[in-house]
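# Coordinate inspection notes
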Amino acid sequence: MVTLKKPDEIEKMKRAGAVVADVLKLMRDIIRPGIDTMSLDDAASDLISRESATASFKGYKTQGTRSPFPGSICVSINDEVVHGIPDKYRILAEGDIVSVDVGAIYSGYHGDAACTFAVGDSVSPMRAKLIETTREALYIGISHVKPGRTLGDIGHAIEEWILSRGCGVVREYAGHGIGKKMHEAPQVPNYGKAGSGITLRQGLTFCIEPMVVSGDEPVKSASNGWTVLTKDGSDAAHFEHTLLVTEDGVMILTPWE
Ligand code: MG
C-alpha cells in the first residue's frame, strides 16, 4: 500500500536523508586508489552512529538471501551493479569505478541514496561516460516528479535517455517507496510507458535509482548471495536519491552534491 507522509514524518525523513548525504560527502572525500572497502564501511558506520542514526543495510534480510547483509553500506566495483560487500581484501585501484549505496534510519524513518565515483584521475572515457549517463538519468527522472505525473513518466524518461546514450538499463531492480521501511510500495522501475502507473501525490516519498550498464542488460547474482554483477562483465553505475513530492514539485531529501 502506498502511504503519504505527514509533516512530522517528513521532518524525520529529512534528518535521515541528511545523515545519508553526509556519508556520501565523506565517501567522496576519502575514496582513492589503495583504500580497502572495509575502511569505507567503517568510516560510514562511525559517522552514522555519531549522527544518532542506524545503518539501514546492516543485517538486512530478503527472501532468497541466505544470510543478512554484513555491511553498513553497499560497495560495488566495476562490473558489480549493486549490493557489493565491503571487505578489507577488496581494495580500490586507479581507474576503477565504485558505487556506494547508503541507507540510514533516524527516529524510525529511512533515507537512501547512492553514487558511483571514479577512483583516481585516470578513469577511462567509457567509464566516465557511464557515470555521467547514470547521474543524468537520475536527474532526468527527478525532473518529472510533481503532483499529476505518473511513475511511468519517470521510468520512460530514464529509459529513453539511457538507451539514447548507447547504454543498457538494469530491469531486474527498481526504485521504491520509502519511509518506516526502506522498501515500501510503490516499485519505481527505470523503464516504462509515459502516462502509465500510479499518479504522484503530495506527501509521497520514494527513491529513484537508475542502474546502468555499458554492455548487455542481463545481470546475475554472485555466490555470496548478495552481489549483483553484469553477466557479460561490462561496467555498471548506480545513482539514487530519496525524494518527496511537494505541493508543486519535488524536494530531494538526500542532497549532497
Ligand atoms: Mg534504494
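Scroll up to find the structure.
Below, the structure is looked at part by part. (Residues numbered from 1 in each chain as written. Predicted model: local features only at pLDDT ≥ 70, side-chain atom pairs only at ≥ 80, totals over all residues. Heavy atoms only, no water.)

## A short note on the overall build of the protein chain
A tally of helices and strands in the protein chain yields four helices and 15 strands. Rg of the C-alpha trace for the protein chain: 17 Å, near the compact-globule value of 18 Å for 257 residues, within the 12% margin. By the burial criterion, 52% of the 257 residues in the protein chain qualify as buried. Taking the intrachain contacts of the protein chain between residues at least 6 apart in sequence as the baseline, contacts between residues at least 24 apart amount to 71%. (Helix = DSSP H or I, 4+ residues; strand = E, 2+ residues; numbered from the N terminus. Rg over C-alpha atoms; globule rule 2.2 N^0.38 Å. Buried < 20%, exposed > 50% of the residue type's maximum accessible area, 1.4 Å probe, protein only. Contact = heavy atoms within 4.5 Å.)

## Section: the sheet that holds strand E13 (residues 236-238)
Strands sit in the order E6-E10-E13 across an open sheet of three strands; the sheet is antiparallel. Both edges of this open sheet fall to strand E6 (168-169) and E13, since each of them pairs with a single strand only. Its contacts with the sheet put helix H3 (residues 125-142) on strand E10 (211-213) and E13, and the angle it makes with E13 is roughly 35 degrees. (Pairing = 2+ DSSP bridges. Axes fitted to C-alpha atoms, helices over the stretch in contact; angles between N-to-C directions.)

## As for the packing of helix H1 (residues 7-30) against helix H2 (residues 37-50)
The relative placement of two packed helices is expressed as an angle between their axes plus a distance between the axes. Put simply, H1 and H2 touch, their axes get as near as 10 Å, and they point 145 degrees apart. Once H1 is placed against H2, the crossing between them reads as right-handed. Contact residues: Val19, Asp22, Val23, Leu26, Met27 and Ile30 in H1; Leu40, Ala43, Ala44, Leu47 and Ile48 in H2. Partitioning the contact of H1 with H2 into residue classes produces 10 nonpolar, no polar and one charged. (Left-handed = near helix turned anticlockwise from the far one by under 90°. Nonpolar A, V, L, I, M, F, W, Y, C, P; charged D, E, K, R; others polar.)

## Description of the packing of H3 against helix H4 (residues 151-164)
Where H3 meets H4, the axes come as close as 8 Å, and the angle between the chain directions of the two elements is 155 degrees. Classed by the angle they form, the pair H3 and H4 counts as roughly antiparallel. In this structure, H3 crosses over H4, and the sense of that crossing is right-handed. Judged by residue contacts, Thr133, Glu136, Ala137, Ile140 and Gly141 of H3 engage Ile154, Ala157, Ile158, Trp161 and Ile162 from H4. Considering only residue class, the contact of H3 with H4 consists of seven nonpolar, two polar and one charged. (Parallel < 35°, antiparallel > 145°, perpendicular 65-115°, else oblique.)

## Let's talk about the coordination of the magnesium ion
All of the protein donors around the magnesium ion are Asp112 (OD), His176 (NE2), Glu209 (OE) and Glu240 (OE); their distances to the metal are 2.1 to 2.5 Å. Each donor residue of the magnesium ion belongs to the same chain, with the gaps between them written as D-x63-H-x32-E-x30-E. Of this pair, Glu209 sits in the loop between strand E9 (205-208) and E10 while Glu240 sits in the loop between E13 and strand E14 (241-245), and the two are 31 residues apart along the sequence. Under the relative-accessibility criterion, Glu209 is labelled buried at 7%. (Donors = N, O, S within 2.8 Å, 3.2 Å for Na, K, Ca; no water.)

## Digging into the pattern of salt bridges
Going through the model one piece at a time under the given rule, you end up with 11 salt bridges. With its nearest N and O atoms 2.9 Å apart, the salt bridge here joins Arg90 to Glu80. Of the two residues, Arg90 is situated in the loop between strand E3 (80-82) and strand E4 (97-106) and Glu80 in strand E3; the sequence distance between them amounts to 10 residues. For the salt bridge of Arg127 with Asp235, the shortest nitrogen-to-oxygen distance reads 2.9 Å. Pair noted here: Arg127 is in helix H3 and Asp235 is in the loop between strand E12 (228-230) and E13, with a separation of 108 residues, a long-range link. Residue class for Arg127 comes out buried when judged on its relative accessible area of 19%. (Salt bridge = Lys/Arg side-chain N within 4 Å of Asp/Glu carboxyl O.)

## Here's the deal with the state of the cysteines
Note on terminology: disulfide describes a covalent bond linking the sulfur atoms of two cysteines. Across all of its chains, the model carries zero disulfides by this definition. Unpaired in this structure, Cys74 has its nearest cysteine sulfur neighbour in Cys207, at a distance of 13 Å. Summary of cysteine pairing: Cys167 is not part of a disulfide, and the nearest cysteine sulfur, belonging to Cys115, is at 16 Å. (Disulfide = S-S within 2.5 Å.)

## So, the sheet that holds strand E11 (residues 219-221)
Overall, antiparallel pairing links the three strands, which are arranged E3-E12-E11 in an open sheet. In this open sheet, the two edge strands, each paired with only one partner strand, are E3 and E11. If you compare each strand with its neighbour and ignore which way they point, the axes differ by 40 degrees on average. The pairing of E11 with E12 spans three bridges and is classified as antiparallel. Bridge pairing links Ser221 to Val228 in E12.

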